[in-house]
Amino acid sequence: MDKKILGVAIGMAVVIAIAAGVFSVDDAPISEVTSQKTNEKIGLVINSPNQSVTLQELDEIYSTASESGIGRSNVYIFWNLIEPERGEYNWQYSDALMSFNQKNDLKVTLYFSIINGETLGPFPNWIGKPPIQSLNEDRVVSILDAILSRYHIVDTVILAGETESQFRYYEQNIPPYKELFTGIYDKIKEKHPDVKIGNAFALHQVLNKDLQNIVTDLDVGDFVAFTYSPVDTVGDMVKTPQQAKEELQEIIDLTGDKKAAIFEISWSTSDFVGGNEDSQTEFLEKSFEFYAENESELEFFTWYRQNDKPDGTCSFEAQEIGEDKLTVGGSGFGSSEHVIERLNHYVCNAGLFDDNGNPKPGWNEFKNQIQMLN
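Predicted model, so just to flag it, every value in this text is computed and none were measured.

Visitor: So what exactly am I meant to see when it comes to the overall build of the protein here?
Guide: Counting its regular elements, the protein contains 14 helices and nine strands. Of all 374 residues assigned to the protein, the portion counted as buried reaches 60%. Sequence-distant contacts, at least 24 apart, represent 81% of the contacts inside the protein between residues at least 6 apart. For the protein, the accessible surface area stands at approximately 14400 Å², while carbon and sulfur atoms represent 43% of it.

Here you go:
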């Protein structure tokens, strides 16, 4: 779900790095790995309900998530944090996150943002702020190769997120981006032939703003991924669960002969934006109906997020992405106080557990649906 999830992931990762020190994935506490049956196509974004988290707490959060039968999760790695100096890597927080995915036998969908909605990057300071046309292809290949060589559990990569927001007013930049994507894709495939690469689009924004042509113009790579929220352009939940399922069906037509993927799908329980626990539970049922009906056309299907966060802690006012900042510009909603307020309420209450750690009815529905598939 655009920048919303990204800021949460960064914040959690930074805290983990401080708590863990140098925490090599090879030294991670790999105790018993669950032997239950899992589904590698079904994922969950695993997050902490708190602003800070210890390794023990995160271990428990991952264990709870894996008990559902999921087989993958998303990990968000930003270039400016992983390679702050050219050729010098900081693996602390990514090692910690990857170790818990490895321990719980989860495949990883890697979000690595060349495009992050209206924002490019975030790039390290030593690169500057190059436009799409000037971004060095070999530098992108080098950092991606380093990540994929270190973390073999990564089997899919999202190279650009909310891609429609980047090109909405600049369609003339689509051809140079396609050329850049193809160059990166070909070189990474030579080194990591089993890793699949694609771009992600916000389906609700594509439909709300008639941007289908941007999706079809950028149907490159191994799959076309989507995020989805049942909202209008100001962030209010305006769809019934059945209507939302019907909108999901649009991705099958949009992707043509490519496989589709659900990178982040969500339903908030915040009554401030029109959600509640009953409708979340019903949408979980409907979304898994969609998955079952279209399984052969889908690369993966990941639910956006495990845990709520306390109201007021999902802040999107900042205008840059960094260790404790993120941009709201690429969210496709605009940046008015009215919209930001709704975005905050939506995201803080989009989990399957409340911020006190209590499961919502949707958590049992999520587990039951996966068990039926398995």
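Visitor: I'm lost on the packing of aromatic side chains in this one. Help?
Guide: Each aromatic ring pair is summarised here by two numbers: the centre-to-centre distance and the angle between the ring planes. Taken as a whole and assessed by the stated rule, the structure comprises 23 aromatic pairs. Aromatic side chains Phe353 and Trp363 sit 4.8 Å apart centroid to centroid with 50° between the ring planes, which places their arrangement in the tilted category. On the criterion of sequence distance, the pair formed by Phe353 in the loop between helix 13 (337-348) and helix 14 (361-373) and Trp363 in helix 14 is long-range, its members being 10 residues apart. What makes Trp363 buried here is its relative accessible area of 4%. Aromatic pair Trp363 and Phe366: ring centres 5.9 Å apart, planes at 25°, arrangement stacked. Remark: Phe366 and Trp363 occur in helix 14; sequence separation between them is three residues, near one turn of the helix.

Visitor: Teacher, can you tell me more about the state of the cysteines here?
Guide: In protein chemistry, a disulfide is the covalent bond that joins the sulfur atoms of two cysteines. Overall, the coordinates contain one disulfide when judged by the stated rule. Residue pairing for Cys314: its cysteine sulfur links by disulfide to Cys348, the two sulfurs lying 2.2 Å apart. On the S-S bond that ties Cys314 to Cys348, the torsion sits near 120°, and the link is right-handed. With a gap of 34 residues between them, Cys314 in the loop between strand 9 (298-303) and helix 13 and Cys348 in helix 13 connect regions that are remote in the sequence. Judged on exposure class, the residue Cys314 and its partner Cys348 are both buried.

Visitor: Mind showing me how you'd approach the pairing of strand 3 (residues 107-116) here?
Guide: Remark: a regular strand shows side chains that alternate across the two faces of the sheet. Burial analysis of strand 3 places nine of its 10 residues in the buried class, the great majority of the element. Both strand 3 and strand 5 (residues 154-161) contribute to a ladder of six bridges, which runs parallel. Each bridged residue has a counterpart across the sheet, and for Thr109 the counterpart in strand 5 is Thr156. The pairing of strand 3 with strand 4 (residues 119-120) spans two bridges and is classified as antiparallel. Bridge assignment links Asn116 to a residue of strand 4, and that residue is Thr119. Here strand 3 folds back onto strand 4 in antiparallel fashion, the turn holding two residues, of which Gly117 has a positive phi close to 70°.

Visitor: How do you make sense of the nonpolar core when you look at a structure like this?
Guide: Side chains that are nonpolar tend, in soluble globular proteins, to be buried together. Core analysis: the largest hydrophobic core is formed by 94 residues, its most contacted members being Tyr177 and Phe366. If near-sequence neighbours (up to four positions away) are discounted, Phe366 is found in contact with Gly43, Leu44, Ser68, Ile70, Leu284, Phe288, Trp303 and Leu352. If you look at the next biggest cluster of nonpolar residues, it comprises 13 residues, including Tyr76, Ile158, Ala200 and Ala261.

Quick notes on the rules
- Each chain has its residues counted from 1, running along the sequence as written.
- At least 70 in pLDDT is required for a residue's local features to be given in this predicted model, at least 80 for side-chain atom pairs to be given and counted, and no such filter applies to totals for whole chains, interfaces and linings, which use all residues.
- Only heavy atoms go into the side-chain values, all of them from the structure, while hydrogens and water stay out.
- Where helices and strands are cited, they refer to DSSP runs of H or I of at least four residues and of E of at least two residues respectively, numbered from the N terminus.
- Only protein chains enter the accessibility calculation, which uses a 1.4 Å probe; a residue is then buried when its area is under 20% of its type maximum, exposed when over 50%, and partly exposed in between.
- Two residues qualify as a contact provided that any one of their heavy atoms is within 4.5 Å of a heavy atom in the partner residue.
- Accessible surface is estimated by sampling points in the Shrake-Rupley manner with a 1.4 Å probe; for residues, cover comes only from the protein chains shown.
- Each Phe, Tyr or Trp ring, with Trp reduced to its six-membered ring, pairs with another whose centre is within 6.5 Å; inter-plane angles below 30 degrees give stacked pairs, above 60 give edge-to-face pairs, and intermediate values give tilted ones.
- Here, the term disulfide refers to a pair of cysteine sulfur atoms separated by no more than 2.5 Å.
- When DSSP locates at least two bridges between a pair of strands, those strands are taken to pair.
- As used here, the term nonpolar core means buried Ala, Val, Leu, Ile, Met, Phe, Trp, Tyr and Cys residues forming a set that is joined through side-chain atoms within 4.5 Å.

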